[in-house]
Amino acid sequence: MTQLPANAQGQVVIASTGGAYDRALKEAWFDPFTKATGVAVTIVSATNAEMRAKAAAMVKSGNVTWDLYLDGEIQSASEAHRQVTEDLTAFCARFSTKADLAANACEAGGALLQSTATLLVYRKDDGSQAAPETWADMWDLGRFPGGRAFPNFDDPWRVLAAALLADGVKKDELFPLDVDRAFRKLDEIRDDVTLWWKTGDQSVQGFRNNEYDLGQIWLTRAKAMKNDGLPIGWSYKASFLVGDRIALIKGAPHRDNALKLIAFWLDNPAVQAKACDVLSCTPPSTEAISLMSEEARKSMPTTAEIKDSVIVPDAAWINANAAMLLQRWNNWVR
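Calculation criteria
Residues numbered from 1 in each chain as written. Predicted model: local features only at pLDDT ≥ 70, side-chain atom pairs only at ≥ 80, totals over all residues. Heavy atoms only, no water. Helix = DSSP H or I, 4+ residues; strand = E, 2+ residues; numbered from the N terminus. Rg over C-alpha atoms; globule rule 2.2 N^0.38 Å. Contact = heavy atoms within 4.5 Å. Lys, Arg positive; Asp, Glu negative; His and termini not counted. Charge placed at Lys NZ, Arg CZ, Asp CG, Glu CD. Salt bridge = Lys/Arg side-chain N within 4 Å of Asp/Glu carboxyl O. Buried < 20%, exposed > 50% of the residue type's maximum accessible area, 1.4 Å probe, protein only. Core = buried A, V, L, I, M, F, W, Y, C linked by side-chain atoms within 4.5 Å. Disulfide = S-S within 2.5 Å. Polar contact = N/O pair within 3.5 Å; in protein donor to acceptor, adjacent residues only side chain to side chain. Phe/Tyr/Trp six-rings, centres within 6.5 Å; stacked < 30°, edge-to-face > 60°.

(A) Main features of the overall build of the protein. The secondary structure content of the protein amounts to 16 helices and nine strands. Expected size for 334 residues packed as a compact globule is a radius of gyration near 20 Å; at 20 Å, the protein falls within 12% of this value. Projected onto its principal axes, the C-alpha coordinates of the protein cover approximately 60 × 45 × 35 Å. Looking at the protein alone, contacts between residues at least 24 apart form 71% of all its contacts between residues at least 6 apart. Distance from the positive charge centre (36 side chains) to the negative charge centre (42 side chains) of the protein: 2 Å.

Shown next, in the form of structure tokens:
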């Protein structure tokens, strides 16, 4: 964790997940914000689990040193999130009439940073072999040999969901998750998982170091690797729609600056476009999408892929069962 100067003025502190993700946000969003306002942006890098735990601990102790943190779209709708973050409903009112913004661009749990996917990625060969496309292919060690990678943090639903889809469960029958069946399917591949990653940056380094050939990672990280020339491909036929929200912590020491930083994001389609060009994400503004490069827009899922393959998770069910899922997961993954 980064140590911050006491009583720092003229700044805003935001926690994010580090690596290529933070670099893209700094160049596209934070640096232009500082140039426009004079307010310095301090970035604290942490895992999603660390961010949630730290934010909760700061609020409980009354010693809040961060202003904002990035939380998942699903978690931002949970009771645990509401207990440590400020309700942004009043702040969001000013954005409700902006025609270019998505209807969910600003909500009580935070402003929408971007939408993207958790999906199947693979190491591309010379083109002579068929590419894996589905979660069933992820489990097919005969056709697609090599190490596997899955996330291992406090949000295991996506691994369990992939296992069920690999086992033949239909997209529209996925939720509520059959947890017992999912773990039975995961047992089949457990010994071939060569990386259980805890951060997006770890999933990147693992691919760079040839620690796995097929993996479940975030599209934002996959796109960053592709931009760096790494031989990576991905499939929207094995993907879950996810997103990040910008949450304001209760008692934030630089609350006004924090709200200015959020507004700067929502008010500037060009800023959103620049970030999502790098990260292959979908910004909250339709105008931003039109400003993105043709290559970036082509990398987005097609309408048919969204309709037929991309899965929108059941946030209400996941939040209601989060404690059970995590306990079962921790007992299995040890």
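That shown, we press on.
(B) Quick look at the pattern of salt bridges. Taken as a whole and assessed by the stated rule, the structure comprises 23 salt bridges. Its salt-bridge partner being K26, residue D31 comes within 3.1 Å of it at the nearest N-O pair. Of the residues examined, K26 reaches a relative accessible area of 40% and is grouped as partly exposed. Ionic pairing is found between D267 and K98, a salt bridge with its closest N-O pair at 3.8 Å. Placement of D267 in helix 10 (residues 255–267) and of K98 in the loop between helix 4 (89–92) and strand 4 (106–107) is noted, with a sequence separation of 169 residues between them. Counted as one network, the salt bridges with shared partners bring together D167, R181, K185 and E188.

(C) Highlighting the nonpolar core. By size, the foremost hydrophobic cluster in this structure holds 43 residues, and its most contacted members are W29, L68, F91, I246 and I262. When residues of this core are assigned to their parent elements, the largest contribution, eight residues, is made by helix 10. In contact with W29, not counting residues within four places along its chain, are I14, L113, I246, L261, F264, W265 and V271. Of all hydrophobic cores here, the second largest spans 38 residues; its members include F144, L164, F175 and L325.

(D) A look at unusual backbone geometry. Residue P176 is bonded to the preceding F175 through a cis peptide linkage, with omega at 0°. By the element assignment, P176 lies in the loop between helix 6 (157–166) and helix 7 (179–189). Although it is not a glycine, N210 adopts a positive phi angle of roughly 60°. One can find N210 in the loop between helix 8 (200–208) and strand 8 (214–218). With phi around 55°, S280 is a residue other than glycine that occupies positive phi space.

(E) Broad picture of the state of the cysteines. For the coordinates displayed, the defined rule picks out two disulfides. Residue pairing for C276: its cysteine sulfur links by disulfide to C281, the two sulfurs lying 2.0 Å apart. Between C276 and C281, the S-S torsion sits near -100°, and that sign places the bridge as left-handed. For the pair C276 and C281, one class covers both residues: buried. By sequence-ordered numbering of the bonded cysteines, the protein has its disulfides arranged as 1-2, 3-4.

(F) The arrangement of the side chain of S285 in detail. Relative to the helices and strands, S285 is located in the loop between helix 11 (269–279) and helix 12 (286–291). A distance of 2.5 Å separates the side chain of S285 from the side chain of D100, its partner in a polar contact. Not counting residues up to four positions away in its chain, the partners in contact with S285 are D100, L101, P269 and Q272.

(G) Focus on the packing of aromatic side chains. Tallied over the entire structure, the rule returns 18 aromatic pairs. Ring geometry for W29 and W265: centres 5.0 Å apart, planes at 50°, overall tilted. On the criterion of sequence distance, the pair formed by W29 in helix 1 (residues 19–37) and W265 in helix 10 is long-range, its members being 236 residues apart. By the burial criterion, W29 is buried, and W265 matches it. An angle of 55° between the planes, with centres 5.7 Å apart, marks the rings of W139 and F150 as tilted.

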